[in-house]
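Topology and contacts: notes
Below, each chain spelled out in residue letters.
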Amino acid sequence: MNYTSTGNKDTRSGFGAGLSELGKSNPNVVALCADLIGSLKMDDFVKEFPERFVQTGIAEANMIGMAAGLTIGGKIPFAGTFAAFATGRVYDQIRQCVAYSNKNVKICASHAGLTLGEDGATHQMMEDLGLMKMLPNMTVINPCDYNQTKAATIAVANHVGPVYLRFGRPAVPNFTPVNQEFVIGKAVTLQEGTQVSIFATGHLVWHALEAADILAQKGISAEVINIHTIKPLDEEAIVRSVTKTRCAVSAEEHMMNGGLGDSIAQVLARKMPVSLEFVAVNDMFGESGTPTELMVKYGLDTPSIVEAALRAVARK
Amino acid sequence: MADIENLKKIATQVRRDVVRMVHKPSSGHPGGSLGCADFFTALYFDVLNINPQKFTMDGNGEDLFFLSNGHLSAPWYSVLARRGYFDVKELESFRLINSRLQGHPTPAEHLPGIRVASGSLGQGLSVACGAALAKKLNNDKSLVYTLHGDGELQEGQIWEAVLFAAAKKIDNLIATVDYNGKQIDGPVDSVVTLGDLSAKWRAFGWDVLETNGNDMAQLLATLGEAKSRTGKGKPVVILMRTEMGMGVDFMMGTHKWHGKAPNNDEFAKAMEQLPETVGDF
């Protein structure tokens, strides 16, 4: 593999670090949190900029509305809570006050997906990408590691408009460059290949790289592309890759319905119909367990990507 | 000193606008709109410190108003136009295709005066809290106003915001409630009663005022009193007793005109009761 992890780090800490930097560099950045400062790693921002922090208490609907209101005074609010409460619980508030009103709100969602672990299905949000990408005006971002989450956090402050920024709880390999430039909507080709394209997002990007190594041992050349922005989707990068490979796999810590794979399938159906296999959760809720146990049980691990790639290649 | 007779004249024209606006597309919400015509007139022609000729989204240095019960769009559009935010002629496009005057207000159509979408109820007080916090951060001494329906207070999010505003001492905020006692399915008391509404707001830590929302002199006095109570550590709320359908006799005393437009005969009768005072659109 051409990538080396510098150690395991949680993406939520990347968010916290990015937010802290923004606090120093942009006086208009404010933060809101619904009683989860520690979980969202917002402690530093709260300590350094208490006057620009709003503790909303356990009242997510009010938090989203207030974030929309803060933009009216020219502020750039980052509203943080768990992905389950940042999307499903407040969908109507986001729809009316943020997306339809086109407000410059950054919805910051931690503990997304199965890797939240032991808390179980109530908290394991796997429909959020779908919910958010359906909203007009909404930009949807799901970075893959600590460094990229930090870069994405800083980048979304400079994007005018609603953003959904998704990250997670567990410590995972940190392998993308420090202080990288994060370009919203621009996919990152991590490894070039000729026989199958693996389009991965979030925690699954590292597994996609591992899968590519295993595929190489089996004599299959896989291209690995990090789709950190689900919307707007980098259609050009997707079409360019499958023009070469003629088959693809999507990999995400999300429901198959409404996820990244859905978006890619739409692009392929319109522009370049080739076989596509999905690594995603197939229409079921999660359960308690360790992140690793869950990713294995629900087929979101490295072997699952390898198998999906083999199926895709076989269908060519 | 406000010219009360002149404000009453404008309020009559706003009522006339409302009925004409909902009659043309045969759709809209005349009941609550007529009940709040006096409030909208008082707010926009006397109370608010605003700059209609130069609308900015941020509204820095200006008072802000958020309509939380977005179905009262017609009287809001009427006072916005008559105050100079846009041409009164545009009122004729209400609820029609390709209009900036959507059924429920939205900034998506870039209509001057509108800063956030409303229609799905219960959200405006939260937005107002955020805007009021931004004003504090910006050292902007102007105020933030809202209007809510009484039925709307059944929404849980309202009470999240009520709790928050008092806890965080958001004292540059004046909420108002259209306390007409009626909602779509009937009297609020029979749908889900609000009980002692004044006591509820007080218990949450708000400064509570009550007034007759259809008595221009009393309404102006109460709005003035509310303003004088800002900056004292508590958010302020005004419970405005209003009559749904006020100004059109057959629309009064019933909830049936909440979301129903008059037919041609009813429209003619309503027009007889609402004379043109400052010029039709």
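Residues numbered from 1 in each chain as written. Chains lettered and ligands numbered in written order. Predicted model: local features only at pLDDT ≥ 70, side-chain atom pairs only at ≥ 80, totals over all residues. Heavy atoms only, no water.

1. Details of empty space enclosed by the protein
Taken as a whole and judged by the stated rule, the model has two cavities of 30 Å³ or more. The space that makes up the largest cavity amounts to roughly 60 Å³. As for the largest cavity, its lining consists of T11(A), A112(A), N142(A), P143(A), R166(A), F167(A), G168(A), G202(A), H203(A) and E253(A). Partitioning the lining of the largest cavity into residue classes produces three nonpolar, five polar and two charged. Taken together, domain 1 (9-173) and domain 2 (188-309) of chain A each give at least three residues to the lining of the largest cavity, which thus spans both. Approximately 40 Å³ is the volume found for the second largest cavity. Every residue along the wall of the second largest cavity is listed here: Y44(B), L48(B), I50(B), D63(B), L64(B), F65(B), L80(B), Y85(B), G113(B) and R115(B). (1 Å grid on protein atoms, 1.4 Å probe; cavity = no way out; pocket = protein on both sides within 12 Å on 5 of 7 lines; lining within 4 Å. Points joined across faces, edges and corners; volume = space filled by probe spheres on them. Nonpolar A, V, L, I, M, F, W, Y, C, P; charged D, E, K, R; others polar. Domains from an automatic or database assignment.)

2. Some words on the domain arrangement of chain A
All names here are of chain A. In terms of domains, chain A is made up of domain 1 (9-173) and domain 2 (188-309). Here domain 1 and domain 2 have C-alpha centroids that lie 25 Å from each other. Listed by partner, the interface residues are 33 residues for domain 1 and 33 residues for domain 2. Approximately 2,500 Å² of surface area, both sides summed, lies buried where domain 1 meets domain 2, with 59% of it carried by carbon and sulfur atoms. The largest per-residue losses of area from domain 1 upon contact with domain 2 belong to L114, M126 and K133, which jointly make up 28% of the total buried on that side. For the pair domain 1 and domain 2, the interface holds zero salt bridges. The interface formed by domain 1 and domain 2 holds 25 residue pairs in polar contact (both at pLDDT 80 or more) in total. Secondary-structure elements contributing two or more residues to the side of domain 1 that touches domain 2 are α6 (128-133), β6 (139-141) and β8 (171-173). Counting residues per element, the side of domain 1 that touches domain 2 draws most heavily on α6, at four residues. (Contact = heavy atoms within 4.5 Å. Buried area = accessible area lost by both parts, 1.4 Å probe. Salt bridge = Lys/Arg side-chain N within 4 Å of Asp/Glu carboxyl O. Polar contact = N/O pair within 3.5 Å; in protein donor to acceptor, adjacent residues only side chain to side chain. Helix = DSSP H or I, 4+ residues; strand = E, 2+ residues; numbered from the N terminus.)

3. Quick notes on unusual backbone geometry
Negative phi is the rule for most residues except glycine; trans is the rule for most peptide bonds. Here the amide bond leading from K231(A) into P232(A) is cis, since omega sits at 0°, within 30 degrees of zero. Tracing the backbone through its elements, the reader meets P232(A) in the loop between β12 (229-231) and α9 (235-245). Positive phi, close to 55°, is recorded for S26(B), a residue that is not glycine. Considering the arrangement of structural elements, one finds S26(B) in the loop between α1 (4-23) and α2 (30-35). Residue S26(B) is classed as exposed on the basis of its relative accessible area, which comes to 53%. Phi is positive for R95(B), which is not a glycine, with a value near 65°. (Buried < 20%, exposed > 50% of the residue type's maximum accessible area, 1.4 Å probe, protein only.)

4. Let's talk about the pairing of strand β4 (residues 76-82) of chain A
Residue and element names in this part refer to chain A. Most of β4 is tucked away, with seven of its seven residues classed as buried. As defined by bridge partners, strand β2 (residues 29-33) adjoins β4 across five bridges and the pair is classed as parallel. Bridging across to β4, A31 finds its partner in F78. (Pairing = 2+ DSSP bridges.)

5. Some remarks on the nonpolar core
Core analysis: the biggest nonpolar cluster contains 83 residues, and W201(B) and W206(B) have the highest contact counts within it. Looking at which domains feed residues into this core, each of domain 1 (9-173) and domain 2 (188-309) of chain A supplies at least three. Other than its neighbours up to four places away in sequence, W206(B) contacts L125(B), V162(B), A165(B), A166(B), L173(B), A175(B), W201(B), K234(B), P235(B), V236(B) and V237(B). Of all hydrophobic cores here, the second largest spans 58 residues; its members include V47(B), I114(B), L143(B) and I238(B). (Core = buried A, V, L, I, M, F, W, Y, C linked by side-chain atoms within 4.5 Å.)

6. Some words on the sheet that holds β4(A)
Residues and elements named next belong to chain A. Ordered by their spatial adjacency, seven strands build an open sheet running β3-β2-β4-β5-β7-β6-β12, and the pairing between neighbours is mixed. Looking along the sheet, the strands with just one partner apiece sit at the ends: β3 (53-55) and β12. The sheet shows a mean angle of 20° between the axes of neighbouring strands, taken without regard to direction. Sheet topology note: the strand β5 (residues 106-110)/strand β7 (residues 163-166) ladder contains four bridges and is parallel. (Axes fitted to C-alpha atoms, helices over the stretch in contact; angles between N-to-C directions.)

7. Some thoughts on the packing of aromatic side chains
This structure, assessed with the given rule, holds 17 aromatic pairs over all chains. Sitting above the plane of the Y179(B) ring, R241(B) keeps its charged end 3.8 Å from the centroid. (Phe/Tyr/Trp six-rings, centres within 6.5 Å; stacked < 30°, edge-to-face > 60°. Lys NZ or Arg CZ within 6 Å of the ring centre and 35° of its normal.)

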